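Structural overview
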Amino acid sequence: MSQTFRPQPTTGHLPHLDALRTVCMALVVPLHAYYLGFPDYAWVAVLSDSFHMAAFFLISGYLAGGSLARRGASEFHAERLRSLGLPLLTIVLLLNPPTLALHELLHRGSLDGFVAQAAAQIASGKIVLHGWFLIALLIYVALTQQLSRLLSRLPWPTVPPARRGLGLLALVTLLALPAELLWRGEEGPFGLPLFLYETLRYLWAYALGLAAWHHRALFAALHRPDPAVILVALVVWLVCLTQPPRDPLAWDLLYTLRRTSSALVLIPALLWLSQRFAGRETPLSRALSQASTTTYVVQWITLYILALCLPVQNLSPHVAFWSLTALALIAGFVLHHGLVVRSRWAAWLLTGKRPSRAQAVSSAAIPSTVGRCSTSSVQLSPPSKLPNTDPVLVPK
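The following paragraphs examine the structure supplied in this document. (Residues numbered from 1 in each chain as written. Predicted model: local features only at pLDDT ≥ 70, side-chain atom pairs only at ≥ 80, totals over all residues. Heavy atoms only, no water.)

1. With respect to the packing of aromatic side chains
Remark: the centre distance and the inter-plane angle together describe each pair of aromatic rings, the angle taken between the planes. Put simply, the rule is: Between rings of Phe, Tyr and Trp, where Trp is taken as its six-membered ring, a pair exists when centres lie within 6.5 Å; planes separated by under 30 degrees are stacked, by over 60 edge-to-face, and by other angles tilted. Working definition: helices are DSSP H or I runs of at least four residues, strands are E runs of at least two. Numbering for both runs from the N terminus. When accessible area is computed with a 1.4 Å probe and restricted to protein chains, residues below 20% of their type maximum are described as buried, those above 50% as exposed, and intermediate ones as partly exposed.
Counted according to the given criterion, the structure contains 17 aromatic pairs. Ring centres 6.1 Å apart and planes at 70° place the aromatic pair Phe56 and Phe133 in the edge-to-face group. You can see Phe56 sitting in helix H2 (residues 42–71) and its partner Phe133 sitting in helix H5 (residues 132–151), a full 77 residues away along the chain. Taken as a pair, Phe56 and Phe133 share a single burial class, namely buried.

This is the structure in structure tokens:
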């Protein structure tokens, strides 16, 4: 009879998960600064695509397992609906329309055609922009109870240790592949919007985090890179850089394998590093973690305001890029600790929580996003599977 693995205790706080989440949040800002028109920083987009979103969803899945067990299904769903839904409404209704207007001013120099463009975005549902991550999390939340029951029976302990790394890689690649096969343009099958593509392509990461909550051995395994997976990732990257396949199906498979293998190398490496060097919470790490949701919600509009106010044309590209990045991060931190923790309305709108709780926002509800911006038009375009310096203010 195989050993039964019980869920991990949910009472202990894991500071290294907060630390990794905070680092991932910080990477959102240079990613979006790159899409404002800094082609020299394409490596930021490549790095982000290799682990960034997967790490966020994996951490969210792990913490959701504990929250579901601790709160019960009804309270869990109600709390997640509030903490994700209110910031989503703030993004879509209050922040994204003026962000689109700032985009027009930055790239066109006027607001001509803005009303028609905004109406088209609203009618198509593309107004969600970076709010797609919150929509994906809400969908995952609705599935969490069923996924938890299924993943609690995962036969991880029976898999020989030597085969676990490659077996996990094969499984998550198969789960991620359908999104690449179904979405070949701006819309998926039956006219489904692009944010559902993102939801489908990262379901494996959320499920893996949820499974790690149920199985101690899997959680431990995710804190050390598997040598066989490292070898596969290196070979796949070598093929992508030297002889990428021309056949669309072969490319979709190779691209998916590149993303999943990279994630299963980088995420365990980062979890190991964060556990080793950020295993204890400090006042600074706690303050940065608390400001994560606020920074995420306002970072797009903040970047555009800064780009319009600062004399970026008179600065070197490197100075402009890092100035925008640093100031946007500082602005989010100051806004949270200067306003959100003191204002009930600001806390509800930006974090979905009361001011007293906005100072300790649940890690599972901390989002991030990947986006692109365009000098030609603000419209959703198919996510590029290679770095694209063509700007569009849309989710990836």
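Read on, since the account is not over.
2. Considerations on empty space enclosed by the protein
For clarity, the threshold we go by: Points on a 1 Å grid over protein atoms alone make up a cavity when a 1.4 Å probe fits among them but cannot get out, and a pocket when they form an open set with protein on both sides within 12 Å along at least five of seven lines; lining residues each have an atom within 4 Å of a point. Grid points are joined across faces, edges and corners, and a volume is the space filled by probe spheres set on the points.
If you walk through the whole model with that rule in mind, you get five cavities of 30 Å³ or more. Counted as a void, the second largest cavity has a volume near 50 Å³. Lining the second largest cavity are Ser48, Asp49, Ser50, Phe51, His52, Met53, Ala54, Tyr202, Trp204, Arg259 and Ala263. Breaking the lining of the second largest cavity down by element, the ones donating at least two residues are H2 and helix H11 (248–277). Looking at which element gives the most residues to the lining of the second largest cavity, the answer is H2, with seven residues.

3. Comments concerning the layout of surface pockets
Using a probe with the size of a water molecule, rolled over the atoms, empty space left in the structure can be pinpointed. What counts, and what does not: For this classification, Asp, Glu, Lys and Arg are treated as charged, while Ala, Val, Leu, Ile, Met, Phe, Trp, Tyr, Cys and Pro are nonpolar and the rest, including Gly, are polar.
Quantified by volume, the second largest pocket comes out at close to 380 Å³. Mapped by element, the contributors of at least two residues to the lining of the second largest pocket are H5, helix H6 (161–182) and helix H8 (203–214). Of the residues forming the lining of the second largest pocket, the biggest block, seven residues, is contributed by H6. Along the lines of polarity and charge, the residues of the lining of the second largest pocket split into 18 nonpolar, one polar and two charged.

4. Brief notes about H11
For the record, the criterion: The span you would expect from a helix comes to 1.5 Å times its residue count less one. Residues adjacent in sequence count toward polar contacts only when both atoms are side-chain atoms; beyond that, a polar contact is any pair of N or O atoms within 3.5 Å, and within protein one must be able to donate a hydrogen and the other to accept it.
The end-to-end C-alpha distance of H11, which contains 30 residues, comes to 42 Å, matching closely the 44 Å that a straight helix rising 1.5 Å per residue would cover. Its side-chain oxygen placed 3.2 Å from the backbone nitrogen of Leu249, Asp247 serves as the N-cap of H11.

5. Considering the side chain of Thr295
We apply this condition: By the convention used here, residues are in contact when the closest approach between their heavy atoms is within 4.5 Å.
Along the polypeptide, Thr295 turns up in helix H13 (residues 292–309). Ignoring sequence-local partners within four residues, the contact set of Thr295 consists of Met25, Leu329, Gly332 and Phe333.

6. Description of the nonpolar core
This is how the line gets drawn: To define a nonpolar core, start from buried Ala, Val, Leu, Ile, Met, Phe, Trp, Tyr and Cys residues and group those joined through side-chain atoms within 4.5 Å.
Of all hydrophobic cores here, the largest spans 95 residues; its most connected members are Phe57 and Trp204. Look past the residues within four positions of Trp204 in its chain and what remains in contact with it is Ala54, Val172, Leu175, Ala176, Thr260, Ala263 and Leu264. Counting five residues, the second largest nonpolar core, distinct from the first, contains Val236, Cys240, Trp251 and Tyr255.

7. Observations concerning the packing of helix H14 (residues 317–340) against helix H15 (residues 344–351)
The test is simple: Interaxial angle, 0 to 180 degrees, is taken between N-to-C directions of lines fitted to C-alpha atoms, where a helix line uses only the stretch in contact. In what follows, roughly perpendicular refers to angles from 65 to 115 degrees, roughly parallel to angles under 35, roughly antiparallel to angles over 145, and oblique to any angle outside these ranges.
Packing of H14 against H15 leaves a shortest axis separation of 9 Å and a crossing angle of 140°. Relative to H15, H14 is oriented oblique. Of the residues in H15, those in contact with Leu335, His336, Leu339 and Val340 of H14 are Ala346, Ala347, Leu350 and Thr351. Counted by class, the contact of H14 with H15 contains six nonpolar, two polar and no charged residues.

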